[in-house]
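Now for the letters of each chain:
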Amino acid sequence: MSRRLRSLVVVAGLVSLGLVGCTGDEPAPEKVPAPEPSPTATGPAGLRVGIVLPPAAGDGDPQAAQLDAAMRPLQDGLPGEVTQLRSVRADGREFVGDLARLLIDRGTELVCLVGDDVMRLANPLASRHPERTFCVVPGVSSELPDNVRVVDVRFEELGRVVGAAAAAAAGDGPVALVVAPDRLGAQRFRDGVREGLAGTPLLEWLPQSADAAATAVSDVVDAEAEVLILDVGWQPGGLLQTAEEAGLVLLAPRAALGGNRLQDATVVAWTVRWELALGPMVARFVDEAVEAVDAVGLAEDVFVFTAGDRGDAAVLERAIASAARVTAERPPRPSPTADPDDGGEPGDEAAD
């Protein structure tokens, strides 16, 4: 017997007992009037938002730390109609869709997917669940279902600033770039770094494991590079420490630099404020009148830069201004040509 059926039987029994125990002399209970309806509409209430985060590469992953840090300001800035915001992190790329479906099954009205390859999941889910709303960050709008929204992040702007600061620190020597392909916007970041370097020689490594990342940093030291740009998720603090001990100056996410521990060797540290990409999606879900945001970047203060002891604040300011000017002068980034409904796993990026 189901739980609901058992409850009905118990209630029926209690009612029967109550009727048997009543005497005809007792007055009938006073009738309680039904509550008056609210004179004014209060709008949607009790809305729930779920955010599926990409898997972390390991302990100390700066990308995971930045995304986790974004959840607090998102919670603090929730519209009053939203009573729950929950973030979940997939253990692997293959589980992202499972988590999204779990949120749907639990009645989540807005499901956001964070990742470079999640559009292929969002569109089929949106077709199967037209009563739900989905968002993708980062992404580019292109013939989307009515219940899918996207916000892009201009990672090439981040790369231009980092590249220009690295070039200023390198002088006549080469700049080494070690970036994992699982970093959000990795290819666009690399393209931006090349632009910012403006002809300064670049040595690139694209490690796909912790061992490969350690080997890459060892190769950087052997190549006698003097400047290292590093963004990986496998114990980046230890890799940066190795590079610093070998005499390299560093550019990396702030979360990887361990606070001020490597300040003496740092040119620039950066942070991505993911709440500024996700927040507008939540606000517009509640109120359609909220202005739509197609992309965020330097103009929206999504990237926060800090000059280290080996950096130059004036050079950094000029690099930020130059990167923003390039974006203003160029047409918007074209939509991807790949079919977003393709269910296959995207291939790993290869080194040039």
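The rules we used
Residues numbered from 1 in each chain as written. Predicted model: local features only at pLDDT ≥ 70, side-chain atom pairs only at ≥ 80, totals over all residues. Heavy atoms only, no water. Salt bridge = Lys/Arg side-chain N within 4 Å of Asp/Glu carboxyl O. Helix = DSSP H or I, 4+ residues; strand = E, 2+ residues; numbered from the N terminus. Buried < 20%, exposed > 50% of the residue type's maximum accessible area, 1.4 Å probe, protein only. Core = buried A, V, L, I, M, F, W, Y, C linked by side-chain atoms within 4.5 Å. Pairing = 2+ DSSP bridges. Right-handed = clockwise from strand over helix to strand, strands pointing away. Disulfide = S-S within 2.5 Å. Axes fitted to C-alpha atoms, helices over the stretch in contact; angles between N-to-C directions. Left-handed = near helix turned anticlockwise from the far one by under 90°. Contact = heavy atoms within 4.5 Å. Nonpolar A, V, L, I, M, F, W, Y, C, P; charged D, E, K, R; others polar. Parallel < 35°, antiparallel > 145°, perpendicular 65-115°, else oblique.

Section: the pattern of salt bridges
Within this structure, the stated rule accounts for 20 salt bridges. E204 is the partner of R190 in a salt bridge, and the nearest nitrogen-oxygen pair spans 2.8 Å. Note that R190 is positioned in helix 6 (residues 186–197) and E204 in strand 8 (residues 202–205), a separation of 14 residues in sequence. Given the relative accessible area of 23%, E204 is considered partly exposed.

Comments concerning the nonpolar core
Side chains of a nonpolar character, in soluble globular proteins, are inclined to be buried together. Membership of the largest hydrophobic core comes to 57 residues, with the highest contact counts inside it found for I51, L158, I229, L251, W274 and F305. Sort the elements by how many residues they give to this core and helix 5 (residues 155–170) lands first, with eight residues. Grouped together as the second largest cluster of nonpolar side chains are 24 residues, A176, L240, A252 and A269 included.

Focus on the pairing of strand 1 (residues 47–53)
Burial of strand 1 is extensive: six of the seven residues sit out of reach of the surface. Summarising the sheet, strand 1 and strand 2 (residues 82–89) pair through seven bridges and their orientation is parallel. Within strand 2, the position partnered with L53 by the bridge is R89. A crossover links strand 1 with its parallel partner strand 2, the connecting element being helix 2 (residues 62–76), and its sense is right-handed. When strand 1 meets strand 3 (residues 110–114), the two strands line up parallel, connected through four bridges. By the bridge assignment for strand 3, I51 is matched with C112.

Some points on the state of the cysteines
Going through the model one piece at a time under the given rule, you end up with one disulfide. For C112, the disulfide goes to C135, at an S-S distance of 1.9 Å. Handedness of the C112-C135 disulfide follows from its S-S torsion of about 130°: it is right-handed. Of the two residues, C112 is situated in strand 3 and C135 in strand 4 (residues 133–137); the sequence distance between them amounts to 23 residues.

Let's talk about the packing of helix 2 against helix 9 (residues 275–286)
Relative to each other, helix 2 and helix 9 sit at 35°, their axes nearing to 9 Å. Crossing angle aside, the handedness with which helix 2 passes helix 9 is right-handed. Note on element contacts: helix 9 touches helix 2 through E275, L278 and G279, opposite A70, M71, P73 and L74. Of the residues belonging to the contact of helix 2 with helix 9, the class tally is five nonpolar, one polar and one charged.

Examining the environment of A256
With respect to the helices, strands and loops of the structure, A256 is situated in the loop between strand 10 (249–253) and strand 11 (266–272). Expressed as a C-alpha distance, the spacing of A256 and W270, which sit 14 residues apart in the sequence, is 9.7 Å. With residues near it in sequence (within four places) discarded, A256 still touches P62, P236, G237 and L240.

A few points about the packing of helix 3 (residues 96–105) against helix 4 (residues 119–128)
In contact at an axis separation of 11 Å, helix 3 and helix 4 are set at 30° when each is read in the N-to-C sense. Compared by their axis directions, helix 3 and helix 4 come out roughly parallel. Seen along the crossing, helix 3 lies across helix 4 with a hand that is right-handed. Counted together, V96, G97, A100, R101 and I104 of helix 3 and L121, L125 and R128 of helix 4 form the full contact between these two elements. Residues belonging to the contact of helix 3 with helix 4 are distributed by class as follows: five nonpolar, one polar and two charged.

Observations regarding the sheet that holds strand 11
Taking strand neighbours across the sheet as the criterion, the six strands line up as 8-7-9-10-11-13 in an open arrangement whose pairing is mixed. The open sheet has two edge strands, strand 8 and strand 13 (303–307), and neither has a second partner. The mean angle between the axes of side-by-side strands here comes to 15°, regardless of whether they run parallel or antiparallel. Note: strand 10 against strand 11, four bridges, orientation parallel. Its bridge partner being in strand 11, L251 is matched across the sheet by V268. Set on the sheet, helix 6 makes contact with strand 7 (175–179), strand 8, strand 9 (227–231) and strand 11; between it and strand 7 the angle comes to about 170°.

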